[in-house]
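# Close look at the chain arrangement
As a plain string of letters, each chain reads:
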Amino acid sequence: MNAAATTSSFPSLPIDKNLPEAERLRLAADVSAQHFEHLLGFLSYLDSNSTAMVRRAWQFADQAHRNQWRSSGDPYITHPIAVAGICATWKRDAQALSAALLHYAMEDCGITKDDLRQQFDETVAELVDGLTKLDKLHFNSREETQAESFRKMLLAMVGDIRVVLINLAWRTQLMHTLSDCTDATVRQHIAQETLDIFAPLANRLGVWQLKWELEDLGFRHLEPEAYRKIAKLLEERRLER
C-alpha cells in the first residue's frame, strides 16, 4: 500500500468551530480515537509491547494538541496519526511511529526533550529532537546546486535516517492536505519546495514510489490546469487500452 492510499483512508472529519468548546472538544476526542483505531489496522506487524508504546504516544500527543485545529476544521491530532499511518506502510518500528505522533509536541506544545525521555525512551526523544531541528531549516533558492547542497546538509545533520523518513512522511501528508491552505502563494512555495527538495530526497533514499507521489502532488498544485489536462488524456488512453 502506498502513502496516497493510507492518507485517503483517514477521512476528514471537520468539526464546526461555532459549537460550544466543551462539545467541540468531546467530538475531537471521538475523532482522535476513531483515527487511532484505524491506525491500529496498519500495525499488525508489531508485537503487543510495541503497539502499547504507539498507543501511549498517541495518548500523549492527543493531550498535548488538545484544542488545536487544522484549517480544515479537523482536530490537529488527525495529522500526526495519518503521518504515523504512512510510516506504518513502510513497516517502521514503534519508536519511529511514536516520534511521528509526537513530532510537533515539542515544538508547538511546550513539551521538552526530557519530558519525552522520561515518558518514552532516549531514542524517541532523539528522533523528535531531530525532527524539530529539521523543521528549523529553510530552503529559499530554486537553483539546482543550492537544492543539492540543502539536501546534503539535511542528510548530514541527522544521526538516524528514520528522522528523514518521518520527515518525508510529514511532507507527503502535508501535500495531500495542501488544498486546505487558502493562501495560493504559500501553496505554491510548499509545492515547489517539495519538487526541489523532498522528491529528490526520496529518490536518493530509494523510496521511488514516494518520489513519484511527491512529484505528482507538487505538479498538481503548481500547474493545476496542465495537471488536469494530462490526467484527462491519461484516463482516455487508459479506457482505450
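Residues numbered from 1 in each chain as written. Predicted model: local features only at pLDDT ≥ 70, side-chain atom pairs only at ≥ 80, totals over all residues. Heavy atoms only, no water.

## Topic: the overall build of the protein chain
Broken down by element type, the protein chain carries 13 helices and zero strands. Reading the protein chain from its N end, one meets helices and strands in the order α-α-α-α-α-α-α-α-α-α-α-α-α. In the protein chain, 68% of the contacts between residues at least 6 apart in sequence involve partners at least 24 apart. As presented, the protein chain carries roughly 12400 Å² of accessible surface, and 49% of it is formed by carbon and sulfur atoms. (Helix = DSSP H or I, 4+ residues; strand = E, 2+ residues; numbered from the N terminus. Contact = heavy atoms within 4.5 Å. Areas by Shrake-Rupley, 256 points an atom, 1.4 Å probe, with all protein chains shown as cover.)

## Notes on helix 5 (residues 94-102)
The buried fraction of helix 5 is high, at eight of nine residues. If you check which residues of helix 5 are buried, you get A94, A96, L97, S98, A99, A100, L101 and L102. On its buried side, helix 5 packs onto helix 3 (48-64), helix 4 (78-89), helix 6 (105-108), helix 7 (113-119), helix 8 (122-135) and helix 10 (161-176). (Buried < 20%, exposed > 50% of the residue type's maximum accessible area, 1.4 Å probe, protein only.)

## Describing helix 11 (residues 184-204)
The end-to-end C-alpha distance of helix 11 is 29 Å, a good match for the 30 Å that 21 residues give at a rise of 1.5 Å each. The sharpest bend along helix 11 measures roughly 40 degrees and falls at T194. Looking at where helix 11 begins, the residue whose side-chain oxygen comes 2.9 Å from the main-chain nitrogen of T185 is D183. G206 sits one or two residues past helix 11 and shows a positive phi near 80 degrees. (Expected span 1.5 Å × (residues − 1). Bend = angle between axes of the 7 residues up to and from the residue. Polar contact = N/O pair within 3.5 Å; in protein donor to acceptor, adjacent residues only side chain to side chain.)

## Digging into the nonpolar core
Counting residues in hydrophobic clusters, the biggest one holds 66 residues, and the most contacted among them are L39, V54, I81, L102, L116, I166 and L168. Among the elements that make up this core, the one with the highest residue count is helix 10 (eight residues). (Core = buried A, V, L, I, M, F, W, Y, C linked by side-chain atoms within 4.5 Å.)

## What to know about the confidence of the model for the protein chain
Close inspection of predicted coordinates is inappropriate in any region flagged by low pLDDT. Here the protein chain shows a mean pLDDT of 86. Residues at 70 or above account for 89%. Confidence, read as mean pLDDT per element, is least for helix 1 (residues 3-8) in the protein chain (56) and greatest for helix 5 (97). (pLDDT = per-residue confidence, 0-100.)

## Let's talk about the packing of aromatic side chains
Each aromatic ring pair is specified by the distance between its two centres and by the angle formed by the two planes. Under the definition given, this model contains three aromatic pairs. Their ring planes at 80 degrees and their centres at 5.7 Å tell us that F60 and F120 sit as a pair that is edge-to-face. Here F60 is found in helix 3, whereas its partner F120 is found in the loop between helix 7 and helix 8, with 60 residues between them in sequence. There is no split in this pair, since F60 and F120 are both buried. Seen from their ring centres, Y104 and W170 are 5.0 Å apart, and the 85 degrees between their planes marks the pair as edge-to-face. Taken together, the positions of Y104 in the loop between helix 5 and helix 6 and W170 in helix 10 put the pair 66 residues apart, joining distant regions of the chain. Neither residue differs from the other here; Y104 and W170 are each classed as buried. Here R24 stacks its cationic end above the ring of W69, 3.6 Å away from the centre of that ring. (Phe/Tyr/Trp six-rings, centres within 6.5 Å; stacked < 30°, edge-to-face > 60°. Lys NZ or Arg CZ within 6 Å of the ring centre and 35° of its normal.)

## A look at the packing of helix 11 against helix 12 (residues 208-222)
Relative orientation of the contacting elements helix 11 and helix 12 amounts to 165 degrees, with a least axis distance of 9 Å. With respect to each other, helix 11 and helix 12 are oriented roughly antiparallel. Relative to helix 12, helix 11 is oriented so that their crossing is left-handed. Only W208, L210, K211, L214, E215, G218, F219, H221 and L222 of helix 12 make contact with helix 11, whose side of the interface consists of Q188, A191, Q192, T194, L195, F198, A199, A202 and N203. Residues belonging to the contact of helix 11 with helix 12 are distributed by class as follows: 10 nonpolar, six polar and two charged. (Axes fitted to C-alpha atoms, helices over the stretch in contact; angles between N-to-C directions. Parallel < 35°, antiparallel > 145°, perpendicular 65-115°, else oblique. Left-handed = near helix turned anticlockwise from the far one by under 90°. Nonpolar A, V, L, I, M, F, W, Y, C, P; charged D, E, K, R; others polar.)

## Re the pattern of salt bridges
Counted according to the given criterion, the structure contains 13 salt bridges. With a shortest N-O distance of 3.9 Å, E37 and R55 are connected by a salt bridge. Of this pair, E37 sits in helix 2 (residues 21-40) while R55 is found in helix 3, placing the two residues 18 residues apart along the sequence. By relative accessible area, E37 is classed as partly exposed at 46%. The partner of D114 in a salt bridge is R117, and the shortest N-O contact between them spans 2.2 Å. Residue D114 and its partner R117 are located together in helix 7, separated by three residues, close to a single helical turn. A relative accessible area of 29% places R117 in the partly exposed class. (Salt bridge = Lys/Arg side-chain N within 4 Å of Asp/Glu carboxyl O.)

## Let's talk about the environment of N67
Inspection of the secondary structure puts N67 in the loop between helix 3 and helix 4. Looking at N67, the relative accessible area reads 38%, which means it is partly exposed. The spatial distance from the C-alpha of N67 to the C-alpha of R24 is 8.5 Å, given a sequence separation of 43 residues. Once you skip the residues sitting within four places of it in the chain, N67 turns out to touch E21 and L25. Polar contacts involving the side chain of N67 include one to the side chain of E21, which spans 3.4 Å. Of note is the side chain of N67, whose polar atom sits 3.1 Å from the side chain of W69.

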